[in-house]
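Observations on the model geometry
In case you want the letters, here they are:
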Amino acid sequence: MTVGEKIQYYRKRIGLSQEALGQKMLVSRQTVSLWEMDKTLPTIDNLLRLKEIFSVSIDDILSESELAEAKAAMPKEVYTFRHEKSDLQKIFKQLRLIFIKQNVIFFCLIYIFPLIACLRKDVPDITFGGILGAFLISLFLTIKSYILYKKSLKISENKVPKNIYSYQIFDGYFCLNISQNEEITKTMKIYFEDIEKILSIDEYFILEIAGQHHFLKKALLSDDSIFFSLYKNPIKKETAKTPKNRLETISNLLLAFSIASIFLGLFSTCLPLLFNKMLMIPDVMWMSFLFLPIPIASILFGFYLRKNGYKYKPNVLIGLIMAIFLCFMGSTSFFSSNPYSHSDEAISKAEEMMGIDIPPHLRINTMDWTKSTQHNLRGYVYSTSDIYFESHAVEEFERNLPNDLKWISSIPNELVGIISTECEISSGDYYIIYNTDTGEFNTLPSKSGTYKFINLLYDTEKNTMKLIEYQIEYSK
């Protein structure tokens, strides 16, 4: 192989025209043509430039012993594509739909259990707020990702039609040369195992590689093209080839599990509530701490990566954020449970004063309001108790309610002024308004003054009772 043939071979291997090579060499196209026809030889300075452009040694250009190797290095397939904007618009529309569908499925799978648990009547506001906050943050990040994804597709939609894409297929990899105005602007060497996914949309194969899309027109591919085979039988990327690859794999796994730890924490706290009605969300939020080692491991591994000179910030930052979230979620078990008492004292007091029987309860949550500042124009609330019953335990109690004169099925308008502000009339089916000072049921006081009351509301559908102790100023 002569020097001219070598120059021609290496020029075509990197996808340069004679004019493009001449521009890089600062010589005319005719000069390059004379070299390739062996009518003239490049000067030493030109040989040095050719060496840099071709990424070979000067001996590779001048030696005649490379003929067999050069022939063996010829590509097995060669394709050149130029894409129309109208075709790209159709493809990008499909890609956006795929993005949306994947994220809808993700949200359904992640939030179904937390949202079901939030339907329970004993979910405190702080827990509901935490779950809602996590949902809104995830929704915001997803919307932001979609906007960025859509923006990147729009940029590609305008940029891709201006370029010519040349593919040279070799054993195990292909070279992609991107040129514009007959000048190569970018060259990439891509191994088949680096192809993350191959999508088939309309007349195109779409290669997903390192977050970028590369488009191949099926009609221009040969029938036995390697891309048809890769689409049907994707190559599984070999991991852990080198220590660096192993570290990257571990880093990515820790990042993924750190992000997932929030949703795993929510899932682990909500699942027991579906099987045990005795539990409240604050009682099980401590389980979020069980997943704390995951983001902590990500943080520690991040410092290890930093020590060894690798990219470390994502592991440290994501791990720290997720650890803070898990600590916040877990700590609600300690902060949310404190205001509630589960003592039967309120029930016993009501039964003794009013001469009624309250069925055996499943759970009682009593809030003492005397320890907080109240700004209530209609009076002062001492305590509120939410009482929960099993359905079989209240069967006889509910049968007797219509015949019990102490219980009324609706609150007359004239009595509305003496009920507590905590009494939600729409949430009950039967009521008692008991004046502890006069011993009267469901009756207005005979004269003005300050009176203490006990208000009972019973919901037959949910098998729940609300007991309120309060005081009001009554004016006749």
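Scroll up for the structure.
Numbers given to residues run from 1 along each chain, matching the order in which its sequence is written. Local features are withheld for residues below a pLDDT of 70 in this predicted model, meaning they are given only at 70 or higher, and side-chain atom pairs are given and counted only at 80 or more; totals for whole chains, interfaces and linings count all residues. As a convention, hydrogens and water are excluded, and side-chain values are obtained from all of the structure's heavy atoms.

1. With respect to the sheet that holds strand β11 (residues 430–435)
In this analysis, strands are considered paired if DSSP registers two or more bridges between them. Comment: elements are numbered from the N terminus, with helices defined as DSSP H or I runs of at least four residues and strands as E runs of at least two. Spatial strand order, β8-β9-β10-β14-β13-β11-β12: seven strands in an open sheet with antiparallel pairing. The open sheet has two free edges, formed respectively by β8 (340–341) and β12 (440–441), since each of these has just one partner strand. Across six bridges, the pairing between β11 and strand β13 (residues 449–459) is antiparallel. Looking at β13, one finds that isoleucine 432 is bridged to leucine 456.

2. Some thoughts on the sheet that holds strand β7 (residues 212–217)
Strands pair in a sheet through their backbones, by hydrogen bonds, and they do so in one of two ways: parallel or antiparallel. A sheet is described by the order of its strands in space; here three strands give the open sequence β5-β6-β7, paired in antiparallel fashion. For this open sheet the edge positions go to β5 (197–201) and β7, each flanked by a neighbour on one side alone. The average undirected angle you get between the axes of adjacent strands in this sheet is 25°. Direction of pairing for strand β6 (residues 204–209) relative to β7: antiparallel, over a ladder of six bridges. Looking across to β7, one finds that isoleucine 209 is bridged to glutamine 212. Convention adopted: a line fitted to C-alpha atoms gives each axis, helices being fitted over their contacting stretch, and angles between N-to-C directions are expressed from 0 to 180 degrees.

3. Considering the pairing of strand β3 (residues 173–180)
With six of its eight residues buried, β3 lies for the most part within the structure. Pairing analysis gives seven bridges linking strand β2 (residues 164–170) to β3, with the strands arranged antiparallel. Within β3, the residue paired with glutamine 168 across the bridge is cysteine 175. Where β2 folds back on β3, the antiparallel hairpin that results is connected by two residues, among which glycine 172 adopts a positive phi of roughly 85°. Bridge count for β3 against strand β4 (residues 183–191) is eight bridges, and the pairing is antiparallel. Bridging across to β4, tyrosine 173 finds its partner in tyrosine 191. Between β3 and β4, which pair antiparallel in sequence order, lie two residues; one of them, asparagine 181, sits at a positive phi of approximately 55°. With a 1.4 Å probe rolled over the protein chains alone, any residue whose accessible area is under 20% of its type maximum counts as buried; one over 50% counts as exposed, and the rest are partly exposed.

4. Comments concerning the side chain of glutamine 168
Looking at where glutamine 168 falls in the secondary structure, it is placed in strand β2. For glutamine 168, a relative accessible area of 9% translates into the label buried. Among residues more than four places away in sequence, those in contact with glutamine 168 are Lys12, Arg13, Pro75, Glu77, Val78, Tyr173, Phe174, Cys175 and Asn177. The contact definition used throughout considers only heavy atoms, calling two residues in contact when any of these lie within 4.5 Å.

5. Some details on helix α2 (residues 18–25)
Restricting attention to buried positions, one finds in α2 the residues Gln18, Ala20, Leu21, Gly22 and Met25. Looking at the buried positions of α2, the neighbouring elements they touch are α1 (3–13), α3 (29–36), α4 (44–54) and β4.

6. Side note on the nonpolar core
Counting residues in hydrophobic clusters, the biggest one holds 33 residues, and the most contacted among them are Leu95, Tyr167, Phe174, Ile195, Leu207, Leu216 and Phe227. Dropping the residues within four chain positions of it, phenylalanine 227 is found in contact with Ile169, Phe174, Phe205, Leu207, Leu216 and Leu221. Ranked by size, the runner-up nonpolar core spans 20 residues in total, among them Ala350, Ile364, Phe397 and Tyr458. For the purposes of this section, nonpolar cores are sets of buried Ala, Val, Leu, Ile, Met, Phe, Trp, Tyr and Cys residues that join through side-chain atoms within 4.5 Å.

7. Observations regarding the side chain of asparagine 435
Along the chain, the position of asparagine 435 falls in strand β11. Within 3.5 Å is the distance limit for a polar contact, defined as a pair of N or O atoms, with the added protein rule that one can donate a hydrogen and the other accept it, and that residues adjacent in sequence qualify only through two side-chain atoms. A distance of 2.9 Å separates a polar atom in the side chain of asparagine 435 from the backbone nitrogen of aspartate 437. Residue contacts for asparagine 435: discarding those within four places in its chain leaves Glu440, Pro445, Tyr451, Lys452 and Phe453.

8. Comments concerning the packing of α2 against α3
Contact geometry for α2 and α3: axes closest at 8 Å, N-to-C directions at 110°. By the angle class used here, α2 and α3 are roughly perpendicular. Here Gln18, Glu19, Leu21, Gly22 and Met25 of α2 come into contact with α3, specifically with Arg29, Val32, Ser33, Trp35 and Glu36. Residues belonging to the contact of α2 with α3 are distributed by class as follows: four nonpolar, three polar and three charged. Angular relationships are summarised with four words: roughly parallel below 35 degrees, roughly antiparallel beyond 145, roughly perpendicular across 65 to 115, and oblique for the angles in between. Lys, Arg, Asp and Glu make up the charged group, whereas Ala, Val, Leu, Ile, Met, Phe, Trp, Tyr, Cys and Pro make up the nonpolar group; the residues left over, Gly among them, are polar.

9. Considering unusual backbone geometry
Of note, leucine 26 is a non-glycine position whose phi angle comes to about 65°, a positive value. With respect to the helices and strands, leucine 26 occurs in the loop between α2 and α3. The exposed category is assigned to leucine 26, whose relative accessible area is 71%. Positive phi, normally seen in glycine, also occurs at asparagine 463, with a value near 55°. Looking at where asparagine 463 falls in the secondary structure, it is placed in the loop between β13 and β14 (464–474). Judged by relative accessible area, asparagine 463 falls into the buried class, the value being 12%.

10. Description of the pattern of salt bridges
A carboxyl oxygen of Asp or Glu within 4 Å of a side-chain nitrogen of Lys or Arg is what we treat as a salt bridge. As enumerated under the stated definition, the model contains five salt bridges in all. Across the pair aspartate 171 and lysine 76 runs a salt bridge, and its minimum N-O distance is 2.3 Å. Here aspartate 171 is found in the loop between β2 and β3, whereas its partner lysine 76 is found in the loop between α6 (67–72) and β1 (77–81), with 95 residues between them in sequence. Residues aspartate 171 and lysine 76 agree in their burial class; the two are exposed. Residues lysine 466 and aspartate 386 are paired through a salt bridge, measuring 3.2 Å at the closest nitrogen-oxygen approach. With lysine 466 in strand β14 and aspartate 386 in strand β10 (residues 380–388), this pair connects stretches of sequence that are 80 residues apart.

11. Here's the deal with the packing of aromatic side chains
Geometry of aromatic contacts follows a simple scheme: Phe, Tyr and Trp rings, the Trp one being its six-membered ring, pair when their centres are within 6.5 Å, and the pair is stacked under 30 degrees between planes, edge-to-face over 60, tilted otherwise. If you walk through the whole model with that rule in mind, you get 22 aromatic pairs. A centroid spacing of 5.3 Å and a plane angle of 70° characterise the contact between tyrosine 380 and tyrosine 382, whose relative ring orientation is edge-to-face. For tyrosine 380, a relative accessible area of 28% gives the class partly exposed. According to the relative accessible area criterion, tyrosine 382 is partly exposed, its value standing at 24%. Between the aromatic rings of phenylalanine 397 and tryptophan 407, the centroid separation amounts to 5.9 Å while the plane-to-plane angle is 85°, which identifies the pairing as edge-to-face. A residue pair is termed long-range when its members are at least 10 positions apart, and phenylalanine 397 in helix α15 (residues 395–400) and tryptophan 407 in the loop between α15 and β11 qualify at 10 residues.

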